[in-house]
Amino acid sequence: MAVAKRQPMDRIRNLLNAGHRIFGENRVQEAQTKWPDLREEYPDIELHLVGPLQTNKVPEAVALFDVIQSVDRTKLAAKLGEEMTKTGKSVRLMVQVNTGEEAQKSGIAPSSLGELISYCHETAPLKVEGLMCLPPLVDEPTMHFALLAKLAREHGLPALSMGMSADFEQAVHFGATHVRVGTALFGPRDESRK
Ligand SMILES: *Cc1c(COP(=O)(O)O)cnc(C)c1O
């Protein structure tokens, strides 16, 4: 997946012209400024949300994205379930796991993952197709990839979203089905934009 956050439109169009169709964004608001128009031109785009989602943005996110990879709490799962029922639009879901148990990072703690998946399947009800992680910058990423792969196996989930520009090859080695590559495809982001 090409992560297009804070990238200029001409670079995104270059990738679309080359035939690429799977893209990721980390903010709902930024995604809304680019993708509704591009989708009219390229109806087969598959758009993933890879950044944190606030419950008040759920209607916009369900309307815009094909896959939401950042499900990480029951309140969010409940809202997503409600919105999909209300609108009849179904979005594919992955649960983000905070494999490094970092206080400031979104994602569910590995020890609470089972509970959240059960909630999604039984209460919401939502089908979770896989897991996503964003390892701590300071750690060797492979131990996080191995942990995420183990958790996915334990819960019988087929999709594994892990690996970015710096470590996607290692992630593939550990079984990634989705790698999220930004700068290695597009070049540096505009860091003056939030
Ligand atoms: C920005 C981002 C990426 C891509 O990062 P690069 O290092 O540019 O490849 C991947 N995943 C998430 C969740 C991101 O926010």
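Our subject is the structure listed above.
Residues numbered from 1 in each chain as written. Predicted model: local features only at pLDDT ≥ 70, side-chain atom pairs only at ≥ 80, totals over all residues. Heavy atoms only, no water.

> Please give an account of the site of the ligand that cites residues and values.
The environment of the ligand is formed by Val3, Lys5, Asn26, Val50, Leu134, Met164, Ser165, Arg180, Val181, Gly182, Thr183 and Arg189. In this structure, an oxygen atom belonging to the ligand sits 2.5 Å away from a side-chain N or O atom of Ser165. In the model, an oxygen atom of the ligand is placed 2.8 Å from a nitrogen or oxygen of the Gly182 main chain. Here the ligand loses 90% of its free accessible area of 390 Å² to cover by the protein chains. Among the residues forming the shell around the ligand, the class breakdown is five nonpolar, four polar and three charged. (Near = heavy atom within 4 Å. Polar contact = N/O pair within 3.5 Å; in protein donor to acceptor, adjacent residues only side chain to side chain. Areas by Shrake-Rupley, 256 points an atom, 1.4 Å probe, with all protein chains shown as cover. Nonpolar A, V, L, I, M, F, W, Y, C, P; charged D, E, K, R; others polar.)

> Break down the sheet that holds strand β5 (residues 92–97) for me, citing the residues and quoting the values.
Spatially, the seven strands line up as an open sheet ordered β1-β2-β3-β4-β5-β6-β7, and their pairing is parallel. Every interior strand has two partners, whereas the edge strands, β1 (2–3) and β7 (159–161), have only one. Relative to strand β6 (residues 128–133), β5 runs parallel, the two being bridged by five bridges. Looking at β6, one finds that Val97 is bridged to Cys133. Docked against the sheet, helix α2 (residues 28–41) engages β2 (22–25) and β3 (46–49), running at close to 155 degrees with respect to β2. (Pairing = 2+ DSSP bridges. Helix = DSSP H or I, 4+ residues; strand = E, 2+ residues; numbered from the N terminus. Contact = heavy atoms within 4.5 Å. Axes fitted to C-alpha atoms, helices over the stretch in contact; angles between N-to-C directions.)

> Give a detailed account of unusual backbone geometry, specifying residues and quantitative values.
Geometrically, the link from Ala124 to Pro125 is a cis peptide bond, its omega value of -25 degrees lying close to zero. Counting through the fold element by element, Pro125 comes out in the loop between α5 (113–123) and β6. One non-glycine residue, Glu101, adopts positive backbone phi at about 45 degrees. Along the polypeptide, Glu101 turns up in the loop between β5 and α5.

> Give a detailed account of the pattern of salt bridges, specifying residues and quantitative values.
Under the definition given, this model contains 13 salt bridges. As a salt-bridge pair, Glu41 and Arg13 come within 2.9 Å of each other at their nearest N and O atoms. One end of the pair, Glu41, is in helix α2; the other, Arg13, is in helix α1 (residues 9–17), and 28 residues separate them in sequence. For Glu41, a relative accessible area of 45% puts it in the partly exposed group. (Salt bridge = Lys/Arg side-chain N within 4 Å of Asp/Glu carboxyl O. Buried < 20%, exposed > 50% of the residue type's maximum accessible area, 1.4 Å probe, protein only.)

> With reference to specific residues and values, describe the packing of helix α4 (residues 74–87) against α5.
Between α4 and α5, the least distance of the axes is 10 Å, while the angle of their chain directions is 15 degrees. Our classification of the angle between α4 and α5 gives roughly parallel. For the pair α4 and α5, the sense of crossing is right-handed. On the side of α4, the interface is formed by Thr74, Ala77 and Ala78, while α5 contributes Leu116, Tyr119 and Cys120. Per-class residue counts for the contact of α4 with α5 are five nonpolar, one polar and no charged. (Parallel < 35°, antiparallel > 145°, perpendicular 65-115°, else oblique. Left-handed = near helix turned anticlockwise from the far one by under 90°.)

> Can you tell me about α5, naming the residues and giving the values?
Given 3.6 residues per turn, any residue in an α-helix points the same way as the ones three and four places further on. By the burial criterion, the buried members of α5 are Leu113, Leu116, Ile117 and Cys120. Down the axis of α5, the sector holding all buried residues measures 100 degrees, keeping them to one side. Those residues of α5 that are exposed and aimed more than 90 degrees away from the buried face are Glu115 and Glu122. For α5, the elements touching its buried residues are β4 (67–71), α4, β5, β6 and α6 (141–154). (Arc of directions from axis to C-beta.)

Spatial relationships are all this shows, so hold off on functional conclusions.
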